[in-house]
Amino acid sequence: MAAGVYNQAIGAFQSNSHINNFNHQHKLNNIGRLAVTKDFIRNEAALILVRHGESLWNEKNLFTGCVDVPLSKKGIDEAIEAGKRISSIPVDLIFTSALIRAQMTAMLAMTQHRRMKVPIIMHNENEQAREWSQVFGEDTKKHSIPVISAWQLNERMYGELQGLNKQETAERYGKEQVHEWRRSYNIPPPNGESLEMCAQRAVAYFREQIEPQLLSGKNVMLSAHGNSLRSIIMYLDKLTSREVISLELSTGIPMLYIFKEGRFIRRGSPTGPTEAGVYAYTRNLLSVALER
Ligand SMILES: O=C(O)[C@@H](CO)OP(=O)(O)O
């Protein structure tokens, strides 16, 4: 999917926010010092990363990769719990992989959000899908959050391991071999993707599609997978290929980053649904949340 198509869809959906920003900045520039404070607030954005809740194949301990399986009952609960943790953090835009477990997680999490905006999946697969899914009410758009799904954020392709039991595979090929397939940086499983190959598409997508949104002040939630998120975190935290080997992500635990002055600042996982717990992360985001 061409970058322009996504931007067009988001642009149409988000009504006049760019124009408002322009007017806002223009007005502020004319009144001096206040401009500095307000621009500072606008230049900060939240990035929430969440690995999907437990899937039915996580539950069965099967290699999943790009096989599109839904959440388990426990995964549904984890997604709702994740939503409670981030319920006070503003979200303007949601990115998910093309796989249902990441999409379910994002949708279930948003049922807990205190703004109660409706997440709407953008359909950009062809011109007709785009046209037929248009929203016309300006007020309705304001109370909605566009959800963009992209295959580039999918779990790494696990090749011939997909659908095999992890324990049985370790018994058959040896623990070390299977650990190498699962956690080395550049050794792919048979006919699958290494973490390095997964990073090439996931990080490129993040830089081309998600970073510009953060730069323009949009608060973003990204719901994806163990390995696509490991590769993105490697980029955000500047981890080496040695360091990323020991990075493990739990299912359904959101992680918050603040994007400020072109840098990603890791804030860990919001501790709970309490106002104090979440707002403690940044005063500026508090102001943004209260403004809306
Ligand atoms: O099976 C998979 O797709 C992944 C994530 O569950 O497994 P692993 O943790 O081995 O990379």
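The rules we used
Residues numbered from 1 in each chain as written. Predicted model: local features only at pLDDT ≥ 70, side-chain atom pairs only at ≥ 80, totals over all residues. Heavy atoms only, no water. UniProt positions renumbered as here; feature names shortened; annotations may be inferred. Helix = DSSP H or I, 4+ residues; strand = E, 2+ residues; numbered from the N terminus. Buried < 20%, exposed > 50% of the residue type's maximum accessible area, 1.4 Å probe, protein only. Contact = heavy atoms within 4.5 Å. Bend = angle between axes of the 7 residues up to and from the residue. Salt bridge = Lys/Arg side-chain N within 4 Å of Asp/Glu carboxyl O.

## Points about the UniProt feature "site: Transition state stabilizer" (unreviewed entry) in the protein chain
The feature "site: Transition state stabilizer" (unreviewed entry), as given by UniProt, occupies His-225 in the numbering adopted here. Counting through the fold element by element, His-225 comes out in the loop between strand S5 (220–224) and helix H12 (226–236). Take His-225: its relative accessible area is 0%, and that puts it in the buried class. In this view, His-225 contacts Arg-51, His-52, Ser-97, Leu-99, Arg-101, Ala-102, Leu-153, Asn-154, Glu-155 and Arg-230; residues no more than four positions away in its chain are not counted.

## Focus on the side chain of Ser-72
Summarising the element assignment, Ser-72 is placed in the loop between helix H4 (56–59) and helix H5 (73–85). Leaving out residues up to four positions away in the same chain, Ser-72 has contacts with Glu-54, Ser-55, Leu-56 and Glu-59.

## Concerning helix H11 (residues 195–215)
A maximum bend of about 35° is found in H11 at Arg-207. Immediately downstream of H11, the backbone of Gly-217 shows phi near 95°, a positive value.

## Looking at the pattern of salt bridges
Counting across every chain of the model gives 9 salt bridges. For Arg-130, the salt bridge goes to Glu-127, with nearest N and O atoms at 2.8 Å. A residue pair is termed a helical-turn pair when its members lie 3 or 4 positions apart in one helix, as Arg-130 and Glu-127 do in helix H7 (residues 127–132) at 3 residues. On the accessibility criterion, Glu-127 (46% relative accessible area) is partly exposed. Residues Asp-237 and Arg-266 are paired through a salt bridge, measuring 2.8 Å at the closest nitrogen-oxygen approach. Residue Asp-237 is located in the loop between H12 and strand S6 (254–260), and its partner Arg-266 is located in strand S7 (residues 263–268); the two are separated by 29 residues in the primary sequence. Assessed through its relative accessible area of 54%, Arg-266 is described here as exposed.

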